[in-house]
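Understanding the architecture of this molecule
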Amino acid sequence: MTTVGILGGGQLARMLALAGAPLGLRFKVMDTSADACAGQFAPMVVGDYRDDAALAEFASSVDVATFDFENVPAESAQWLAERIPVFPSPRALAVAQDRLAEKTLFRELGIPVPDFAPIDNREDLDAALARVGAPCILKTRRLGYDGKGQFRIRSLADADAAWAALGEQAATVGLILEGFVAFDRELSVVAVRGRDGEFRTWPLTENWHVDGVLSASLAPALADDVLTATAVDYARALADALDYVGVFALELFSRDGELLANELAPRVHNSGHWSIEGSETSQFQNHLRAVLGLPLGDTRMVGHACMLNWIGAMPDAGPVLAEPGGHWHDYGKSPREGRKVGHATLRADGVAELGHALERVGRALGREPQVAPVIARLG
Ligand code: AMP
């Protein structure tokens, strides 16, 4: 019996455990909160990731470890990797944890990125603003997610406000200034690389965010072959450079037919949730196959899929369950503003059929603004 350990016990760990059950796997999750929603499906170690005793308890009861959360301290990942197999590697995790290291690697690999500059103090900010120009975004280098730890600078007059909001963090998590990309679309490529280097991607996905948080994903993105091939090439270059094992997502901005990389998520990703029902093998199952050294499953998709995130509180399930291609995912979390509590995936054989399902669900749930951009894209 193989036990997979997962650091972080949120919905990603929960969906990994659900996907691993048919493979006969057992799971153990570690989280700082006893309420973590994966704990409803797998035994937990509750403790701080920096607590060696808790890490030792976790390590002694698993055969291999992986992550649902990329901000596990790099030293904790390293400590574990000296004792048990850990995938992705602490090095890959460390690069993805730091926006500066990540963007530097993108650049080294010839992957275009928005203009950026590290910011260590107020003078750096002024100098970088003069070079990058407004609009731009000041972000924390580490520990930012879902648009948190970001300040949009619309004009140079916003510099004081940006520094007041984030300046204190220059000394702790570090800051980076990025040029604002007036993108036409946000895309992501979710990819998997096995222990033997085998590499696969799911179809390119288009994403819509609200307040920095993913709202909807459409797969396949209705993109031309050149754009798709370029995105896949970038993902493969990154995976090989990091000797990556497992699933990751590369988030991209598309502007006038050009792709710019935003970030690398070293784990299964929200923009790949549609793969549970929309593809032959889900990102969750393939992540487990990769970290266990099993053959990877086919990532081909079946028709078209749209995932809608539920943020804050779960809506009524009825309208989604009434759809022939409707699938419901309630993460078993208590409601809280801004919290990802669940998602739905609508799947259909054709684009028009998917659009009609989205219209019905949007209307029934009063979520017309959430589905509108996807319906517009489907034409
Ligand atoms: P992030 O946490 O970096 O993924 O940012 C969350 C969201 O903020 C992205 O999905 C974009 O919608 C927006 N965003 C972040 N960085 C930029 C940028 N440089 N230019 C334009 N929009 C951005």
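Residues numbered from 1 in each chain as written. Predicted model: local features only at pLDDT ≥ 70, side-chain atom pairs only at ≥ 80, totals over all residues. Heavy atoms only, no water.

**Re the site of the ligand**
Not every one of the 18 residues close to the ligand is listed here, only the nearest: Arg-99, Lys-139, Val-181, Glu-186 and Glu-263. His-209 places a side-chain nitrogen or oxygen 3.4 Å from an oxygen atom of the ligand. Residue Glu-251 places a side-chain N or O atom 3.4 Å away from an oxygen atom belonging to the ligand. Burial of the ligand by the surrounding chains reaches 97%, relative to a free accessible area of 470 Å². Secondary structure elements with two or more residues in the shell around the ligand: β6 (136-140), β7 (150-153), β8 (175-179), β13 (246-255) and β14 (258-265). A per-class count over the shell around the ligand returns five nonpolar, six polar and seven charged. (Near = heavy atom within 4 Å. Polar contact = N/O pair within 3.5 Å; in protein donor to acceptor, adjacent residues only side chain to side chain. Areas by Shrake-Rupley, 256 points an atom, 1.4 Å probe, with all protein chains shown as cover. Helix = DSSP H or I, 4+ residues; strand = E, 2+ residues; numbered from the N terminus. Nonpolar A, V, L, I, M, F, W, Y, C, P; charged D, E, K, R; others polar.)

**A few points about the domain arrangement of the chain**
Assigned domains of the chain: these are domain 1 (3-86), domain 2 (115-179) and domain 3 (185-378). Centre-to-centre separation of domain 1 and domain 3, based on C-alpha positions: 24 Å. Contact residues are listed per partner, giving 19 residues for domain 1 and 20 residues for domain 3. Summed over both partners, the interface of domain 1 with domain 3 comes to about 1,700 Å²; 70% of that surface belongs to carbon and sulfur atoms. A salt bridge links Glu-70 to Arg-267; the nearest nitrogen and oxygen atoms lie 2.6 Å apart. Seen at the junction of domain 1 and domain 3, the total is seven residue pairs in polar contact (both at pLDDT 80 or more). Taken together, the elements giving at least two residues each to the side of domain 1 that touches domain 3 come down to α1 (11-20) and β4 (64-67). If one sorts the elements of the side of domain 1 that touches domain 3 by residue count, α1 sits on top with seven residues. Partitioned by chemical class, the residues of the side of domain 1 that touches domain 3 number 12 nonpolar, four polar and three charged. (Domains from an automatic or database assignment. Contact = heavy atoms within 4.5 Å. Buried area = accessible area lost by both parts, 1.4 Å probe. Salt bridge = Lys/Arg side-chain N within 4 Å of Asp/Glu carboxyl O.)

**Comments concerning the pattern of salt bridges**
Tallying each qualifying case throughout the model produces 21 salt bridges. Notably, a salt bridge pairs Arg-185 with Glu-206, separated by 2.8 Å at the nearest N-O pair. Highlighted residues: Arg-185 in strand β9 (residues 185-193) and Glu-206 in strand β11 (residues 205-210), separated in sequence by 21 residues. Both residues of the pair, Arg-185 and Glu-206, count as buried. Two residues, Glu-323 and Arg-360, come together in a salt bridge whose shortest N-O distance is 2.8 Å. With Glu-323 in the loop between α11 (318-321) and β16 (326-330) and Arg-360 in helix α12 (residues 351-365), this pair connects stretches of sequence that are 37 residues apart. What you see here is one network of salt bridges that share partners, running through Asp-98, Arg-141 and Arg-142. (Buried < 20%, exposed > 50% of the residue type's maximum accessible area, 1.4 Å probe, protein only.)

**Considering empty space enclosed by the protein**
Applying the stated criterion across every chain, the model contains one cavity of 30 Å³ or more. Considering only enclosed or pocket space, the largest cavity measures out at about 50 Å³ in volume. As for the largest cavity, its lining consists of Glu-186, Leu-187, Asn-207, His-209, Glu-251, Leu-252, Phe-253 and Asn-262. Among the secondary structure elements, those contributing two or more residues to the lining of the largest cavity are β9, β11 and β13. (1 Å grid on protein atoms, 1.4 Å probe; cavity = no way out; pocket = protein on both sides within 12 Å on 5 of 7 lines; lining within 4 Å. Points joined across faces, edges and corners; volume = space filled by probe spheres on them.)

**Looking at the sheet that holds strand β5 (residues 116-119)**
Strand order across the open sheet formed by four strands is β5-β8-β6-β7, with antiparallel pairing between neighbours. Lying at the two open borders of the sheet, with one neighbouring strand each, are β5 and β7. Neighbouring strand axes in the sheet, compared pairwise and without regard to direction, differ in orientation by 20 degrees on average. One ladder, built from five bridges, connects β6 with β8; its direction is antiparallel. Bridge assignment links Leu-138 to a residue of β8, and that residue is Leu-177. Contacts from helix α7 (residues 159-166) reach β5, β6, β7 and β8 within the one sheet, and its direction differs from that of β7 by about 175 degrees. (Pairing = 2+ DSSP bridges. Axes fitted to C-alpha atoms, helices over the stretch in contact; angles between N-to-C directions.)

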